[in-house]
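Understanding the architecture of this molecule
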Amino acid sequence: MLSNNFLKALLFAPAILGASVVASSSAMASEIETGVTSVSSLDQVNAYSAEGQNNNLSQVTSVSQLSDVQPTDWAFQALQSLVERYGCIAGYPDGTYRGQRAMTRYEFAAGLNACLDRINELIAAGLADKVSREDLAVLQRLQEEFAAELATLRGRVDALEARTAELEANQFSTTTKLNGEVIFSTQAVLDEDSAFDDQATFGYRVRLNFDTSFTGEDRLRTRFQAREINAFDTDYIGYSYGGDNDGNFALDDLVYTFPFGPAEIVIGANSIGCDDFVASTISPLDSSGGGSISDFGFPSQYSIACPADAGAGAVVQLSDNFSLDFGYSAGEADDPSAGAGLFNGDYSIIGQLTGLDLFGAVDAAFTYVHGYAGGDGFYGGTAEYANTYAGQINFRLSDTFEIGGGLAYSDIDGIGAPGDYEVWAWQGTLAVNDFLGEGNMLGVLAGVPRYSLDGVNVTGGAPASDDGSGFLAEVFYRYQLNDYISLTPSLIYLADPNNNDNLDDAFIGTLRTTFEF
C-alpha cells in the first residue's frame, strides 16, 4: 500500500524550501467574498494545472533534474518521494522548482488535484490494493477541504479565458502596441527689456508611437507627430520639444531595430538623427518629455553639424560595459537629383565609444561626427565639411545625485565663404532624483551653447555675427503627479543672447505638462 511518506510528502511538499503553503483564512475569505484573484496568480495556477498540456511546466522523473533542490533542504525527502515514487510534481522549463516562492491555496489545490489524478491512475491500473483505507480517508478529507478552492478556481480561470478570447478577438493588432505622449507648454519672457518678443504663449506636441515586433526582440517604430511650439525669435536656444507643423499629424520617426549577434542594427527611413545610432547620450537631462525644457539638455555634439534623414547603423556590444556605436545618415536620401540622394547630398557619419555603468557609477562617451552640408552649409555659408569631437560623462554619486557634463568642438572647413572656422559648446548637468517624492527630479543645467570666435554667426538669430559667447542656465523641477502625468516648471536664464553682449540678459519661464499613455 501507499506508505505514509506519500501523505507526508503531499502535505509538506508545498512548503519545500520555505515556500508558504496556505494563505491566511481571512485573506482567503476576502478573496472569495470579493471574487477578485490576481491575473498573475491565475496564470501560475493555470500553468501548473495544465501540466503536460503545454511547455510552461514539465514533469520530472528525478529530483536531481531540479537544479535548485539540494539534499540539505529540510523537505528534500518529501519532494524526492513525490517526484521519483509518485510522479505528480513538475518543474519549470529552466530546470528549477522555485520552492522559495510563496504559493496560494489555489496553487496548492491544483497540486493536490494532480496527485489525486495519480491515485486514480493507480486504481485504474489495478493497483487499488496498494492504497490503504486510511490513506484514502485522508485524501478524501483533503479533497473535501479544497473543493471550494478548486470550484472557484475553475470558474475564475474560465472567466479569464473568456475575457482573453474577447480581447484577442477585438485587439488592434497581435504584433503592434500603441503608446503616446502629449505635452502642453505655457511660456513667457519675464524681462520686459529683453530683445525677444515677450507675449506669453501656449503650445502643444502630440506623439503617437506604433511599436511593432515580429520576433519579440526587434522593433519597428512608426511615429506620428503634431506640434505648435515656437521659440522666442531665436534659434540660439529652443525647446527640447519645440517645432511647428501647424498642428498637422505627419510621419516623424520610421525606425527598425533588430539584434544581429552582439550588435543592435538600426535602420531609419525618416527623421533619423545622429543620436539614434548610439547606446546613450549620457546626459540624464536629455528627454524632451521629462528632462530639460531647453534643448540645451541635448548634448551639442549630436546637433552642431549632423544633417540626417535616413540611414543605418549599429550598436556593437564589446563587453558588458562598452559598446562601439556607428551610423551613416543622409539628409536628402529621397532626392534623385544631382548632388543629392543617399550618397551625394548632405550626410553625416558618427562613431562613438560608449561606456555604461563603469566602476558601478560612471557613464561616459567619446564621440566623433563627420558631416557635409551643401548649399548654404551648416550656418548660412556655402558648402562645408565638419569634423566634430566630443566627450560626455555622468557620475552617479548615489541613487539620488548625478553630476556630469560635456564638451564639443567642431572644425568646419568651408568650400567658399565664410571659409574655415571653429564651433565650441560645453555644459554641466546636475540631476537630483526622487527629490521630494518618488519619480520627481530636480534638474540644473548650465554652460555655453554653440559659439564661434571667428566672426561667424552660429546662433541662427540676429545679429549677423557673433562677438563672443553667451551663457545659459536652467533649473527645472519635474513633479510626477501620477504614473501618467507630470508637471515641470522651469526657469531659463540667458546672458548675452545670440552670443551678443549688446543684448540684454533674459529670463524665460515655462510650465510643461506631460501626459503619457
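What comes next is a walk through the structure. (Residues numbered from 1 in each chain as written. Predicted model: local features only at pLDDT ≥ 70, side-chain atom pairs only at ≥ 80, totals over all residues. Heavy atoms only, no water.)

1. Section: the overall build of the protein
Looking only at helices and strands, one finds 8 helices and 19 strands in the protein. A separation threshold of at least 6 residues defines the contact pool for the protein, and within that pool the share at least 24 residues apart is 60%. As displayed, the protein has an accessible area near 25,000 Å², and 55% of this comes from carbon and sulfur atoms. (Helix = DSSP H or I, 4+ residues; strand = E, 2+ residues; numbered from the N terminus. Contact = heavy atoms within 4.5 Å. Areas by Shrake-Rupley, 256 points an atom, 1.4 Å probe, with all protein chains shown as cover.)

2. Points about the pattern of salt bridges
With the rule as written, the count across this model stands at 6 salt bridges. The salt bridge involving arginine 205 is made with glutamate 181; its shortest N-O contact spans 2.5 Å. Linking arginine 205 in strand β4 (residues 201-212) with glutamate 181 in strand β3 (residues 176-189), this pair joins segments that are 24 residues apart in sequence. When sorted by exposure, arginine 205 lands in the same class as glutamate 181, which is buried. In this structure, aspartate 211 engages arginine 221 in a salt bridge whose closest nitrogen and oxygen atoms are separated by 2.8 Å. Highlighted residues: aspartate 211 in strand β4 and arginine 221 in strand β5 (residues 219-229), separated in sequence by 10 residues. In this structure, a network of salt bridges that share partners links the residues Arg223, Asp252 and Asp253. (Salt bridge = Lys/Arg side-chain N within 4 Å of Asp/Glu carboxyl O. Buried < 20%, exposed > 50% of the residue type's maximum accessible area, 1.4 Å probe, protein only.)

3. Some details on a negative patch on the surface
A contiguous patch of negative charge on the surface is contributed by Asp399, Asp434, Glu438 and Asp483. Among the structural elements, aspartate 434 can be located in the loop between β15 (421-433) and β16 (441-451). By relative accessible area, aspartate 434 is classed as partly exposed at 42%. (Patch = residues over 30% accessible without salt bridge, like charges linked within 9 Å, V, L, I, M, F, W, Y side chains within 5 Å. Lys, Arg positive; Asp, Glu negative; His and termini not counted. Charge placed at Lys NZ, Arg CZ, Asp CG, Glu CD.)

4. Looking at a nonpolar patch on the surface
On the surface, Leu318, Phe322, Leu324, Phe326, Leu353 and Phe366 cluster together into a nonpolar patch covering about 570 Å² of accessible area. Per-element tally for the nonpolar patch: the top contributor is strand β10 (residues 322-330), with 3 residues. Residue phenylalanine 326 is classed as partly exposed on the basis of its relative accessible area of 40%.

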